[in-house]
Amino acid sequence: MTDEATIINTDSGRADGLNRCPSCGSTDILTQAGGRLQCQFCRNVFDAIAAMPPPTTAPILQVDEDSAAVAPPLETHHSGAADISTDASAQVTIKCQGCGAEVVVDTNETMTSRCHWCRQVLSIEHQMPNGAVPDILLPFYLSKEQARASIDQFVGQRSFFAHKQFKAEFTSENIVGVYFPYFVVDANAKSNLSGTAGHVVRTYTIGSNENRRTVYDIDIYQIGRNFDIEVSGLTVEASAERRNISNSQNTNNIINTIMPFDIQNAIPYNGNYLKGFTSERRDTNIDEIRNLANTQMYDIARTQANRTATKYDAGIRWENENLEATNVTWRSAYLPVWLYSYLEVKNGSQLLHYVAVNARTGETMGSVPIAKTRLFLVAAIIELIAIPLGIMLIVFGS
Amino acid sequence: MDESSGLAFLGILLFLSGPIFYAIMYNRYRNIRERHYHESETPVQMNNLQVYDKLIHRQTRQSTNRITGANSTRVNGTLNPQRKFFG
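Peer 1: Help me out: how do you make sense of the environment of P134 of chain A in this one?
Peer 2: Turning to its location among the elements, P134 of chain A is positioned in the loop between β13 (121-123) and β14 (136-137). In this view, P134 of chain A contacts G80, Q127, Y269, S332, A333 and Y334 of chain A; residues no more than four positions away in its chain are not counted.

Peer 1: Sorry, what's going on with empty space enclosed by the protein here?
Peer 2: Where empty space is left can be seen by rolling a probe of water-molecule size over the atoms. Counted according to the given criterion, the structure contains four cavities of 30 Å³ or more. What lines the largest cavity is T235, V236, E237, N256, M259 and Q296 of chain A together with R35, H36, H38, G77, T78 and L79 of chain B.

Peer 1: Looking at this model, I keep getting lost on helix α2 (residues 144-156) of chain A. Mind explaining?
Peer 2: Residues that lie three or four places apart on an α-helix share one face, since the helix turns once every 3.6 residues. Residues and elements named next belong to chain A. The end-to-end C-alpha separation of α2 is 18 Å, in line with the 18 Å expected for 13 residues at 1.5 Å each. Residues of α2 that are buried include every one of A147, I151, F154 and V155, and no others. With its buried residues spanning 90 degrees around the axis, α2 presents them on a single face. Seen from the buried face of α2, the exposed residues on the opposite side, beyond 90 degrees, are E145 and Q153. Residues of α2 that are buried make contact with α3 (164-169), β19 (316-346), β20 (349-358) and β21 (364-366).

Peer 1: Hey, could you run me through the confidence of the model for chain B in this one?
Peer 2: When pLDDT is low, close inspection of the predicted coordinates is not appropriate. All names here are of chain B. Per-residue confidence for chain B averages 87 on the pLDDT scale, and 86% of its residues sit at or above 70. Scored below 50 in pLDDT, residues 82-87 makes 19 contacts in the model with residues more than four places away or belonging to other chains. We note a pTM of 0.87 for the whole complex and an ipTM of 0.86 for its interfaces.

Peer 1: Sorry if this is basic, but what is going on with the sheet that holds strand β4 (residues 37-39) of chain A here?
Peer 2: In a beta sheet, neighbouring strands are held together by backbone hydrogen bonds and run either parallel or antiparallel to one another. Residues and elements named next belong to chain A. An order of β3-β4-β5 is seen for the three strands of this open sheet, with the pairing classed as antiparallel. The open sheet has two edge strands, β3 (29-31) and β5 (45-46), and neither has a second partner. Here β4 runs beside β5; their pairing, made up of two bridges, is antiparallel. By the bridge assignment for β5, Q38 is matched with V45.

Peer 1: So what exactly am I meant to see when it comes to the environment of R35 of chain B here?
Peer 2: Inspection of the secondary structure puts R35 of chain B in the loop between α2 (17-30) and α3 (38-41). For R35 of chain B, a relative accessible area of 12% puts it in the buried group. Considered as a pair, R35 of chain B and T78 of chain B are 43 residues apart in the sequence and their alpha carbons are 7.8 Å apart. With residues up to four places along the chain from it excluded, the contact list for R35 of chain B reads N256 and T257 of chain A together with V75, T78 and N80 of chain B. A distance of 2.8 Å separates the side chain of R35 of chain B from the side chain of E39 of chain B, its partner in a polar contact.

About the thresholds
- Residues numbered from 1 in each chain as written.
- Chains lettered and ligands numbered in written order.
- Predicted model: local features only at pLDDT ≥ 70, side-chain atom pairs only at ≥ 80, totals over all residues.
- Heavy atoms only, no water.
- Helix = DSSP H or I, 4+ residues; strand = E, 2+ residues; numbered from the N terminus.
- Contact = heavy atoms within 4.5 Å.
- 1 Å grid on protein atoms, 1.4 Å probe; cavity = no way out; pocket = protein on both sides within 12 Å on 5 of 7 lines; lining within 4 Å.
- Points joined across faces, edges and corners; volume = space filled by probe spheres on them.
- Expected span 1.5 Å × (residues − 1).
- Buried < 20%, exposed > 50% of the residue type's maximum accessible area, 1.4 Å probe, protein only.
- Arc of directions from axis to C-beta.
- pLDDT = per-residue confidence, 0-100.
- Pairing = 2+ DSSP bridges.
- Polar contact = N/O pair within 3.5 Å; in protein donor to acceptor, adjacent residues only side chain to side chain.

Shown next, in the form of structure tokens:
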């Protein structure tokens, strides 16, 4: 964490344990399609925002002791994005307010648990230094049935070359809803880019017979772009495992692909939204991904600059790129994904395939195991048919 | 591209049709190149734009329609490592 960071406390102030329905007091609450909560006892439908106290948002500003003046907030961290303590345990013990029993919750996988004595549902509500409770979350908007339909359609469109065993074993019935941890970065920055660009002004043919060739006249420009940008909701994985994208070992790029989420609709964390879903605990601190987020900011700035220079059809060579962030805010978030997974075991190696659905936008992406022999044979048949045609065209062309 | 060289190019393309089909199908099923396009999908607002464009000179009879070292489409912040297409 940088010394200049301003901290905003987003802890709900609620104690861990029972988080009740505001109408009947039951703890059996689930998220229904559309992202609202529904009590499974009295059927009351409600939003947690109305039922919970607002988070403390007053910033704790740091004071420059030399000048006794308030330092400008270059970087702001919401408290749910605080560094993870090295001695913090993922196992949290909650004392049930219903019967007094102690219930252990493994925050690596879930944030709620049912009391084994009185059967009430307990949830973790207050922020702790193990990264399990974020600042914000997006509730599941798509129902399991809607996600299953998307996954069935995605896989169904890829059945011809799908591996035989996969086809025999595939069922979307056991998909799981998972809250994955992310950092959300909002930033204001001043950007300055300069370089060389080209514009094709004439295309023509020179030479004769065998020396005939097409050439181009290109106007070369020196260009520069200065602008301010406001980036809202840059989203980066806060799990080291999810950031590990290795094509031969996993298909984590599938989960990466279904971004972006509608971060603007995120709500303060409330454990009721996690009931019925699994979750993955954040294991990454801001300093570990600051460079990655910064590099992505440069990419965003470059893309913006490109959009102001569409005239240059011969390309742009950016030679100097500067980005000066004036205000950066970091929040931690749980974002919802419906996930189907399939472990392919082949020749002693394993590859975990995912089909994932963004539970907010419905964007679906997946990796389907391939029957490579079948695909190779079809490609070979196409090749055998195409070769004589290719020879004919080359002969005609010469 | 004149007609004869166009036919020859098409012929070469047909020679490669088997591997091309394999690659297209492989990527359609495995989606190994898919990723989040953070550079274009992240909401962003641009303000106070200042533009500087100055014509330096004209290069004539260039054999390619691209300038040397064009890098505007480069993306550095992707999680995907450089890798073999077939995984």
